[in-house]
Amino acid sequence: MKGSLRQSMTWLHTWSTIIAGWILFAIFLTGTLSFFRIEINHWMEPELHQSAPDENSVYVAYDYLKANAPQATSWQISLPDERERAISLSWQQPVVVSEQAQQNNRQRRGQNAERQSVVRDSGGENAQGQAGNRQSRMQNGEQQAGNANRSNRQNADNSARTERQNGQQNRQASQNAQPQNQQGEQRGGNGRMRKLIDAQTGEEITPRETAGGNFLYRFHFMFYGMDRDLAYILVGIVSMMMLVGIISGIIMHRKIFTDFFAFRPKKKLLTWIDGHAITAVLALPFHIMITFSGLLLIAGAFLPWNGEPRHRGDRNGGEAPQVQYVEKDFSQTPPFEKMFLYAEQKWGTEVTSISISEPGTDKAEYALRGNNRVTLSSGRSGSETITFDNTFIETGEPVKTEPGREAENTAQAIYNYFDMLHQARFADTVTRWLLFIAGIMGTIMVGTGSILWAVKRSKKQSGQFGFELVKGSNIGTIAGLLVACGAYFWANRLIPAQMAERDHLEISVFFGVWAVCIVAGLLWRNNKNWLVQLSITGVLFTLIPVLDSLTSPVGLIYALQTGDWLRLGFNLCCLLIATTVWAAVYYIALVKPKRTPKTDKSEPQSKTTAKSDNASKAALIARKAKEARAAQANRTQAKQEQAENSTTVSASSTATKPTSDEKLSKAALIARKAKAAREAQKAQQTTQEHLSSEQDNELNNAGGKA
Amino acid sequence: MKLESFLAKPAINVSIRTILAILGGYSLSAALSLLLASFAGLDGRESEVFIRMIFFISYTVTIIWTFSVNSERKIITQMCLLNVLLWLAVLLTGEA
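Since the structure is predicted, the reported quantities are computational estimates derived from the model, not experimental observations. (Residues numbered from 1 in each chain as written. Chains lettered and ligands numbered in written order. Predicted model: local features only at pLDDT ≥ 70, side-chain atom pairs only at ≥ 80, totals over all residues. Heavy atoms only, no water.)

**Focus on the overall build of chain A**
When helices and strands are counted, chain A shows 24 helices and 11 strands. Taken across its 706 residues, chain A has 47% of its residues classed as buried. A separation of at least 24 residues holds for 72% of the contacts in chain A among residues at least 6 apart in sequence. Of the accessible surface of chain A, which amounts to about 36900 Å², a share of 55% is contributed by carbon and sulfur atoms. (Helix = DSSP H or I, 4+ residues; strand = E, 2+ residues; numbered from the N terminus. Buried < 20%, exposed > 50% of the residue type's maximum accessible area, 1.4 Å probe, protein only. Contact = heavy atoms within 4.5 Å. Areas by Shrake-Rupley, 256 points an atom, 1.4 Å probe, with all protein chains shown as cover.)

So this is what it looks like as structure tokens:
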């Protein structure tokens with residue numbers, strides 16, 4: 001671009017970020033909230049609030065599983081820890097069949113596979129829209145099939161129906177089988193069951209249907225209702241713009257460390273500039289890390305030519321394993337207490353989960369894991385696992401120990417570090433809060449950047465379509481998103497817990513409220529609208545603890561008594577957000593522009609902004625001039641003192657000299673003083689002129705930043 | 001001379017630089033990351049994550065460079081030349 005490097009970077013910084021500013025704000029805010037995704041989930045499932053961790057939680061879980069899933073091939077028990085209050089259980093529920101039934105089933109499967117291959121072949125022909133359509137219909141016995149697509153769907157239906165029939169036959173054929181647990185919540189078609197139980201009583205907990213914090217988490221990298229790859233590409237593009245914005249912002253910044261300590265409130269434009277600079281510089285390493293690591297994580301869609309496409313395994317796919325009925329013996333409870341003691345002494349931290357394979361048999365194995373991550377280079381598998389078997393009672397030793405894995409190579413290790421940093425998987429409570437605060441700074445940085453753009457241009461571009469669009473959208477996307485988040489939490493508690501598909505309704509409330517705020521922002525593009533939307537946010541977040549207390553099965557006193565800091569922390573965080581929002585409301589309401597004679601009623605903002613700009617500029621110049629005068633006065637005084645000292649020295653050395661010398665030195669002193677005063681006056685004038693021009697430049701640059 | 005004045009028009013200038021930055025930068029970064037992965041002798045998953053990291057660093061630098069050079073003619077020439085050279089090198093090393 002024409003001009004200096006700094007000017008080019010200013011232009012690039014402005015335009016690379018303003019275009020994606022609102023999406024970036026939404027990504028930053030929802031991503032920052034996702035640091036506390038588990039806490040948000042806990043708050044949004046009040047049915048879990050009653051559960052409190054207990055030393056005997058593992059026995060509670062074991063008793064539940066042996067009563068409800070005795071024939072399962074494996075059990076997974078996730079125990080309460082500092083971020084979980086209930087016990088989470090999952091197990092593989094097999095279809096228990098007799099030997100004869102298994103043989104019959106194998107034969108049927110073979111036949112079915114042949115039939116399916118025929119169906120697939122015909123489906124391929126159908127896709128080409130050729131004569132194979134008729135052939136397909138004949139083979140499938142579907143005489144009324146319509147076009148090729150419909151035929152394909154019917155083929156799929158046929159396959160599914162055949163499988164269902166086989167499944168029914170299997171179930172009918174199964175003899176001596178334990179009845180399947182009908183109460184368990186089956187999430188997958190492969191027999192995987194999941195259940196939450198109270199950590200003290202072992203009672204089943206069925207939390208309300210909610211998207212919870214997972215919705216906010218998913219929204220920040222794949223939006224909602226959008227194709228995953230398309231969303232990744234969009235997020236990748238705006239993240240790239242963000243990275244360019246950050247780097248160009250660093251280059252264009254003239255005094256990066258000086259400005260870090262400067263915050264000039266009530267100065268309109270300068271306040272926004274300072275707020276933007278401080279939040280950007282304070283958490284600069286975090287901003288670079290989070291943007292770059294985010295890009296790395298979604299790079300698959302952005303760089304489709306790089307590497308083999310990996311498909312996520314279908315977690316719900318497959319069939320439940322078929323096993324023969326085995327007589328199990330649960331008469332002896334494994335010595336979990338001793339196992340835990342062994343592991344916790346070795347790791348110095350609590351056991352958080354245990355996997356039991358072949359439970360109730362002689363081959364049973366107990367694999368213990370904890371928060372004992374020893375390395376980050378391998379991503380999530382950096383923890384040691386200790387496995388015991390039934391011989392532990394006699395030997396007192398584990399049967400095997402698997403150390404935490406290391407990355408296979410340096411590139412993979414660096415990638416994993418970024419992955420772990422971005423998702424804060426390693427973080428304890430304090431680190432998580434620090435990351436959260438840094439994320440909030442990033443959100444403020446993006447928000448103030450967008451506002452700064454509008455404030456700077458309010459004088460010159462007021463009334464223009466682009467300017468008004470940005471100004472209005474700022475209100476709806478920044479304040480509106482906060483309102484939407486508050487409304488989402490309220491919807492979670494106010495929509496009846498038993499309502500079908502209530503999670504979709506919660507999300508609809510979120511988007512509905514946000515849309516209303518955006519429209520309102522575009523219609524009323526003034527400070528009053530900021531005040532209204534921020535006030536609504538303030539009310540929503542301030543009253544969240546009250547709402548929580550009224551709509552949870554147990555009150556906040558119970559949470560205090562049982563140390564439910566997940567819930568209390570969420571409420572405190574909401575109060576913190578409310579305080580910040582109320583401070584913003586107070587600021588907007590307090591710093592009212594002075595009334596000016598209205599010549600054009602449609603543009604009161606631009607006039608007041610211009611006046612405020614001029615006032616702040618004049619105040620700054622006056623302050624700097626005053627400082628320069630003080631500095632000059634100090635220098636003059638120092639010179640005088642020096643002169644007086646020299647005079648005193650000469651006077652003392654010539655104390656015996658006649659009075660005429662004294663008169664002479666006094667006259668010289670007066671002459672020097674007069675000269676110094678003239679020089680000071682001249683310097684002051686020069687400094688004032690220089691400062692005026694420098695300030696103009698600064699303001700121009702600051703304007704250029706926006 | 002006519003070309004210079006045409007390129008200097010603000011709308012044309014910004015459009016050309018944006019296209020150069022987005023497309024030229026993407027192509028340049030892709031070639032550079034492939035080439036570096038090839039020189040480093042990486043393959044499989046290691047090569048994949050290495051390319052990801054180099055690509056995004058290179059893309060950021062290229063975009064900034066595209067907007068920092070004053071002369072439009074210079075940046076167009078340099079971008080095209082670098083792209084040709086790097087992709088030739090990639091083809092010669094058999095990475096593409």
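**Things to note about the overall build of chain B**
The helix and strand tally for chain B stands at 4 helices and 0 strands. Of the regular secondary structure in chain B, the N- to C-terminal order runs α-α-α-α. When each of the 96 residues of chain B is scored for burial, the buried share is 42%. In the form shown here, chain B has an accessible surface area of approximately 4800 Å², with 74% of it arising from carbon and sulfur atoms.

**Some words on the pattern of salt bridges**
The final tally for this structure, using the stated rule, is 13 salt bridges over all chains. As a salt-bridge pair, Glu506 of chain A and Arg502 of chain A come within 2.6 Å of each other at their nearest N and O atoms. With Glu506 of chain A and Arg502 of chain A both in helix 18 (residues 502–523), this residue pair falls 4 residues apart, about one helical turn. The same class applies to Glu506 of chain A and to Arg502 of chain A, which are both buried. A salt bridge links Glu48 of chain B to Arg52 of chain B, with the nearest nitrogen and oxygen atoms 3.6 Å apart. One end of the pair is Glu48 of chain B and the other is Arg52 of chain B, both in helix 3 (residues 44–68) and 4 residues apart, which spans about a single turn. Across the pair, exposure class does not vary: Glu48 of chain B and Arg52 of chain B are buried alike. Residues participating in the shared-partner salt-bridge network are Arg493, Asp548 and Arg567 of chain A. (Salt bridge = Lys/Arg side-chain N within 4 Å of Asp/Glu carboxyl O.)

**Notes on the interface of chain B and chain A**
Interface extent is often summarised as the accessible area lost during association of the parts. Listed as interface residues are 27 residues of chain B and, on the opposing side, 34 residues of chain A. Carbon and sulfur atoms make up 70% of the area that chain B and chain A hide from each other, which totals about 2700 Å². Among the residues of chain B in contact with chain A, Arg52, Met53 and Phe56 of chain B are the three that bury the most area, contributing 26% of the side total. Summed over the shared surface of chain B and chain A, the result is 0 salt bridges. Put simply, chain B and chain A have 6 residue pairs in polar contact (both at pLDDT 80 or more) between them. No other element matches helix 3 of chain B, which puts 17 residues into the side of chain B that touches chain A. Residue classes in the side of chain B that touches chain A are distributed as 16 nonpolar, 5 polar and 6 charged. (Buried area = accessible area lost by both parts, 1.4 Å probe. Polar contact = N/O pair within 3.5 Å; in protein donor to acceptor, adjacent residues only side chain to side chain. Nonpolar A, V, L, I, M, F, W, Y, C, P; charged D, E, K, R; others polar.)

**Points about unusual backbone geometry**
Residue and element names in this part refer to chain A. Phi at Glu358 is positive, roughly 50°, even though this residue is not glycine. A positive phi angle, near 55°, is found at Ala424, a position not held by glycine. Relative to the assigned elements, Ala424 resides in the loop between helix 15 (410–423) and helix 16 (429–457).

**Here's the deal with the side chain of Thr352 of chain A**
Here Thr352 of chain A lies in strand 8 (residues 351–357). When sequence neighbours within four positions are dropped, the list of residues in contact with Thr352 of chain A reads Ile77, Ser78, Leu79, Asp81, Arg369, Gly370 and Asn371 of chain A.

**Some remarks on the environment of Asp389 of chain A**
All names here are of chain A. Along the chain, Asp389 turns up in strand 10 (residues 385–389). When the C-alpha positions of Asp389 and Ala364 are compared, they lie 6.0 Å apart, and in sequence the two are 25 residues distant. A polar contact is formed between the side chain of Asp389 and the side chain of Thr391, at a distance of 2.5 Å.

**Quick notes on the packing of helix 3 of chain B against helix 4 (residues 72–93) of chain B**
All names here are of chain B. Orientation of helix 3 relative to helix 4, taken along the N-to-C sense of each, is 150°, at an axis distance of 10 Å. Relative to helix 4, the element helix 3 lies roughly antiparallel. In terms of crossing hand, the pair formed by helix 3 and helix 4 is right-handed. When helix 3 is examined against helix 4, the residues Thr62, Trp65 and Thr66 are found in contact with a partner set consisting of Ile75, Gln78, Met79 and Leu82. (Axes fitted to C-alpha atoms, helices over the stretch in contact; angles between N-to-C directions. Parallel < 35°, antiparallel > 145°, perpendicular 65-115°, else oblique. Left-handed = near helix turned anticlockwise from the far one by under 90°.)

**Considerations on the packing of aromatic side chains**
Residue and element names in this part refer to chain A. By the definition in use, this model includes 44 aromatic pairs over all chains. Judged by centre distance (6.3 Å) and plane angle (85°), the ring pair of Phe489 and Phe541 falls under edge-to-face. One end of the pair, Phe489, is in helix 17 (residues 465–494); the other, Phe541, is in helix 19 (residues 527–542), with 52 residues separating them in the sequence. Each member of the pair, Phe489 as well as Phe541, carries the same accessibility label: buried. Through pairs of rings, three or more aromatic residues link up here, namely Trp43, Phe215, Phe219, Phe223, Tyr224, Tyr488, Phe489, Phe510, Phe511, Trp514, Phe541 and Phe570. It is Arg37 that lies over the ring of Tyr217; its NZ or CZ is 3.9 Å from the centre. (Phe/Tyr/Trp six-rings, centres within 6.5 Å; stacked < 30°, edge-to-face > 60°. Lys NZ or Arg CZ within 6 Å of the ring centre and 35° of its normal.)

**Points about the pairing of strand 5 (residues 192–197) of chain A**
Residue and element names in this part refer to chain A. Relative to strand 5, strand 2 (residues 87–92) runs antiparallel, the two sharing 6 bridges. When the sheet's bridge partners are listed, Trp91 is paired in strand 5 with Met193. Strand direction decides the pairing type here: strand 5 and strand 6 (residues 204–205), joined by 2 bridges, are antiparallel. Paired with Leu196 across the two strands is Ile205, which belongs to strand 6. (Pairing = 2+ DSSP bridges.)

**Here we look at the packing of helix 11 (residues 284–297) of chain A against helix 3 of chain B**
Where helix 11 of chain A meets helix 3 of chain B, the axes come as close as 10 Å, and the angle between the chain directions of the two elements is 130°. Compared by their axis directions, helix 11 of chain A and helix 3 of chain B come out oblique. As helix 11 of chain A packs across helix 3 of chain B, the resulting crossing turns out to be right-handed. Packed against helix 11 of chain A, whose contacting residues are Phe292, Leu295, Leu296 and Leu297 of chain A, the element helix 3 of chain B presents Arg52, Met53, Phe56 and Ile57 of chain B at the interface. Its residues assigned to classes, the contact of helix 11 of chain A with helix 3 of chain B comprises 7 nonpolar, no polar and 1 charged.

**Quick notes on the nonpolar core**
Residue and element names in this part refer to chain A. Grouped together as the largest cluster of nonpolar side chains are 77 residues, with contacts concentrated most on Phe286, Tyr488, Phe489 and Phe510. Residue contributions to this core peak at 11 residues, all from helix 17. Beyond its immediate chain neighbours, meaning those up to four positions away, Phe489 contacts Ile40, Trp43, Met44, Leu216, Phe541, Ile544, Leu547 and Phe570. The next biggest cluster of nonpolar side chains, apart from the first, holds 32 residues, and it includes Val60, Ala69, Ala72 and Ile197. (Core = buried A, V, L, I, M, F, W, Y, C linked by side-chain atoms within 4.5 Å.)

**Looking at the side chain of Lys195 of chain A**
All names here are of chain A. Mapping Lys195 onto the fold places it in strand 5. Judged by its relative accessible area of 7%, Lys195 is buried. Here Glu204 takes part through its side chain, which lies 3.5 Å from a polar atom of the side chain of Lys195.

**Things to note about the environment of Leu376 of chain A**
All names here are of chain A. Relative to the helices and strands, Leu376 resides in the loop between strand 9 (365–370) and strand 10. Put simply, Leu376 and Arg425 are 49 residues apart on the chain and 9.2 Å apart in space, counted from C-alpha to C-alpha. Residue contacts for Leu376: discarding those within four places in its chain leaves Asn416, Tyr417, Met420 and Phe426.

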